[in-house]
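Structural features, examined
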Amino acid sequence: MTDTADLRPDRMLSVREVFGIDTDLQVPAFTERDDHVPEVDAVYRFNPDVTLAILAGFTRDRRVMVQGLHGTGKSTHIEQVAARLNWPCVRLNLDGHISRLDLVGKDAVVLREGQQVTEFQEGIVPWSLQRPVALIFDEYDAGRPDVMFVIQRILERDGKFTLMDQNKVLRPHPFFRLFATANTVGLGNLNGLYHGAQRLNHAQIDRWNIVASLNYLPADEEIAIVQARVPSLADDAGRKLVAAMVAVADLTRKGFAAGDLSTLMSPRTVITWAENVEIFKDPALAFRLSFVNKCDDAERPLVAEYFQRCFDQELKESHQLSSGSGE
């Protein structure tokens, strides 16, 4: 994406037709696809409330944060909305190695006509800010404090961005959009599940116009997603198998909520399990390789009990491990 500063959305799409949501809303979109537009995932299933929140971000320039447990498809949800709007999208993971210079830019030595010269190279924030780009900050609550205060400058709807090294003030492109995903809403690692999550400045959280919550889907929808991802399980026998797998996942989530487990099965884990069933042709072995081996030794008997309840099949981790006499 080189010179796109003059681009504007050139058509309006019906939310009802494109996303299957019963509303008369129209959303701006681009006719031409750019290299930065995500690929369309034809089998992706949209959560109506979260989709409407994201569409409000695109249509009305709202700052939208999508919060939820891991594996629920928060970032993918934003990307798939952008894909259907042909809206260029850049996704940045705020891991511990992302620095202020990565966001803002820095001086770099480059070759010009055979001579080494020093010139300023824009970071991802000023680059995106001047273009019709949807910028997604992934793992927003894992960002370092110095990085978060750089972001705070552009959270205002008309927030200008000052490049102090260049004595320059950047105005946001009219179709620049800002999104974020987070496992917590700035509360930090309260339950021990998200190591590295930071407590965030409430003044910063307050600048997000919309906070949407994306949690686990009803069982029927989760089954449909797994079957769509693993077509070999799309028949009736496959549905019965996937229904049992989703039931195991639901038990791990209830166990986690009750404090019996320190981890849980996300929809991503269930899909991985289904893909491994396709490889190993054995649900029990695939379950062990996909989830059981990630669990604490002391919790494996309980996980094995969940599996036994749903599949009527014992795992070697069940009573042998709990009694200390097994493998």
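Now for the confidence of the model for the protein chain. When pLDDT is averaged across the protein chain, the result is 85; 87% of the residues are at 70 or more. Averaged pLDDT values over the elements of the protein chain bottom out at 50 in helix α13 (residues 319-323) and peak at 97 in strand β2 (residues 26-29). Ignoring residues within four places in sequence, the model shows residues 186-197, a span with pLDDT below 50, making 27 contacts including any to other chains. Across residues 321-327 the pLDDT falls below 50, and counting only partners more than four positions away or on other chains, this stretch makes 8 contacts in the model.

Take a nonpolar patch on the surface next. Residues I279, F280 and L289 make up a contiguous nonpolar surface patch of roughly 280 Å² in combined accessible area. Tracing the backbone through its elements, the reader meets F280 in helix α10 (residues 267-280). F280 sits in the partly exposed class, given a relative accessible area of 36%.

What follows concerns unusual backbone geometry. Even without a glycine there, the phi angle at K281 is positive, about 60 degrees. Residues other than glycine seldom take positive phi values, yet D312 does so here, at roughly 55 degrees. With respect to the helices and strands, D312 occurs in the loop between α12 (300-311) and α13.

Let us now look at helix α3 (residues 74-85). In this model, α3 (12 residues) spans 17 Å end to end at C-alpha, consistent with the 16 Å of a helix rising 1.5 Å per residue. α3 sits mainly inside the fold: 11 of its 12 residues count as buried. For α3, every residue scored as buried is listed here: K74, S75, H77, I78, E79, Q80, V81, A82, A83, R84 and L85. In the segment just after α3, N86 is the residue with positive phi, at about 55 degrees.

What counts and how
- Residues numbered from 1 in each chain as written.
- Predicted model: local features only at pLDDT ≥ 70, side-chain atom pairs only at ≥ 80, totals over all residues.
- Heavy atoms only, no water.
- pLDDT = per-residue confidence, 0-100.
- Helix = DSSP H or I, 4+ residues; strand = E, 2+ residues; numbered from the N terminus.
- Contact = heavy atoms within 4.5 Å.
- Patch = residues over 30% accessible without salt bridge, like charges linked within 9 Å, V, L, I, M, F, W, Y side chains within 5 Å.
- Areas by Shrake-Rupley, 256 points an atom, 1.4 Å probe, with all protein chains shown as cover.
- Salt bridge = Lys/Arg side-chain N within 4 Å of Asp/Glu carboxyl O.
- Buried < 20%, exposed > 50% of the residue type's maximum accessible area, 1.4 Å probe, protein only.
- Expected span 1.5 Å × (residues − 1).

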